[in-house]
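Observations on the three-dimensional arrangement
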Amino acid sequence: MSGNMNLTLKVWRQKNAQTPGKFVTYKAESISPDMSFLEMLDVVNESLIKQKEDPIHFDHDCREGICGMCSLYINGRPHGPKRAITTCQLHMRSFSDGETITIEPWRSAAFPIVKDLATDRSAFDRIQQAGGYISVNTGGVPDANSTPIPKVVADEAFNSATCIGCGACVAACKNASAMLFTSAKITQLGLLPQGQPERWSRVQAMVKQMDKEGFGNCTNTGACEAECPKEITLTNISRMNNDFFSAKLFREEHIHDHTGGE
């Protein structure tokens, strides 16, 4: 069809985390510019299946930019060339006819490869499970006006809560740091009144789990913020560091008592 594109794909293929991988070249022909990037991969996989070849494995779910599953490193950037979108929101009109596109998985020791482009990001789940919740009894649902929250605080908490846990921050960071993700999950609870009783135990537990998972440290290059599809800011990392050091200096006795109090 007129206006459709023919592309060359260099795709990372790897059986599992224990075996070496390599780039394999495929042709993607008659690709509509209106297709999403994942739809384009679906077309390529249909062709591979017809040829009785193993399809390319990649993570996806909602395809609406909210689940955080799609995780492709495209032409040297997480989620591709556009800012503030996920891979499933990336359309083929962002590329040119005849272009060669290199597709890789997230590169991090804490995200071992499952197969091809799919990685195991359960490390994020374990960080969240370490303290990213409110377990204290808060009683019934209060009246909306009974707990006044400044709008600037509510907005900041909401902005942090938009993190979808895709892992682009880790993939973009030269140190494979998870501090942007971890700090966003800490901030969304730590700024609100309901999150205060466990504020100090939360930050220590989640940072401890983050380090245990093998993520690198932050050196403030800002690549995570630049590549985050939800535009989570570095301010979260500063806030997390402040809470962490405050907890270690002044609150650790309570943490060791497992009271979660101040």
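Residues numbered from 1 in each chain as written. Predicted model: local features only at pLDDT ≥ 70, side-chain atom pairs only at ≥ 80, totals over all residues. Heavy atoms only, no water.

The condition that has to hold: UniProt positions are given in the numbering used here, feature names are shortened, and annotations may be inferred rather than shown by experiment.
Labelled according to an unreviewed UniProt entry, the protein appears under the name Succinate dehydrogenase/fumarate reductase iron-sulfur subunit, originating from Mucilaginibacter litoreus. Quoted verbatim from the Sequence similarities (unreviewed entry) heading of the UniProt record, the comment on the protein is "Belongs to the succinate dehydrogenase/fumarate reductase iron-sulfur protein family."

1. Some points on the packing of aromatic side chains
Let me state the cut-off plainly: When two rings of Phe, Tyr or Trp (its six-membered ring) have centres within 6.5 Å they constitute a pair, described as stacked for plane angles under 30 degrees, edge-to-face for angles over 60, and tilted for the intermediate range. Each helix corresponds to a stretch of at least 4 residues labelled H or I by DSSP, and each strand to a stretch of at least 2 residues labelled E; elements are numbered beginning at the N terminus. Throughout, exposure labels follow a simple rule: accessible area from a 1.4 Å probe, protein chains only, divided by the maximum for the residue type, with under 20% read as buried, over 50% as exposed, and the rest as partly exposed.
Enumeration according to the criterion identifies 7 aromatic pairs in this entry. Ring geometry for phenylalanine 111 against phenylalanine 215: centres 5.6 Å apart, planes inclined by 80°, an arrangement best described as edge-to-face. With phenylalanine 111 in the loop between β5 (100-104) and β6 (113-115) and phenylalanine 215 in the loop between α6 (199-212) and α7 (223-227), the pair connects residues that are 104 residues apart, well separated along the chain. Like phenylalanine 215, phenylalanine 111 is buried. Measuring from ring centre to ring centre gives 5.9 Å for phenylalanine 124 and phenylalanine 215, while their planes differ by 35°; the resulting arrangement is tilted. One end of the pair, phenylalanine 124, is in helix α2 (residues 122-131); the other, phenylalanine 215, is in the loop between α6 and α7, with 91 residues separating them in the sequence.

2. Focus on the pairing of β5
Put simply, the rule reads: Paired strands, as defined in this entry, are two strands with at least two bridges between them according to DSSP.
Looking at chain direction, strand β1 (residues 5-13) and β5 are connected through 4 bridges and run parallel. Paired with leucine 9 across the two strands is isoleucine 101, which belongs to β5. Sheet analysis places strand β3 (residues 73-74) next to β5, joined by 2 bridges and oriented antiparallel. If you follow isoleucine 74 over to β5, its bridge partner there is isoleucine 103.

3. Some words on the pattern of salt bridges
Heads up, the condition is: Within this document, salt bridges are pairs made up of a side-chain nitrogen of Lys or Arg and a carboxyl oxygen of Asp or Glu, the two lying within 4 Å of each other.
A complete count under the given rule lists 12 salt bridges for this structure. Among the salt bridges present, the one from aspartate 42 reaches arginine 63, with a minimum N-O distance of 2.8 Å. Linking aspartate 42 in helix α1 (residues 37-50) with arginine 63 in the loop between α1 and β3, this pair joins segments that are 21 residues apart in sequence. Classification of aspartate 42 as partly exposed rests on a relative accessible area of 27%. Overall, arginine 63 belongs to the partly exposed group, its relative accessible area being 27%. Through salt bridges with shared partners, one network takes in Arg13, Asp54, Lys115 and Asp116.

4. Some words on α2
Worth spelling out the cut-off: The directions considered for the arc run from the helix axis to the C-beta atoms. Residues count as neighbours in contact if any of their non-hydrogen atoms are within 4.5 Å of one another.
If you check which residues of α2 are buried, you get Ala123, Phe124, Ile127 and Gly131. With its buried residues spanning 105° around the axis, α2 presents them on a single face. Looking at the buried residues of α2, the elements they touch are α4 (168-172), α5 (179-190) and α6.

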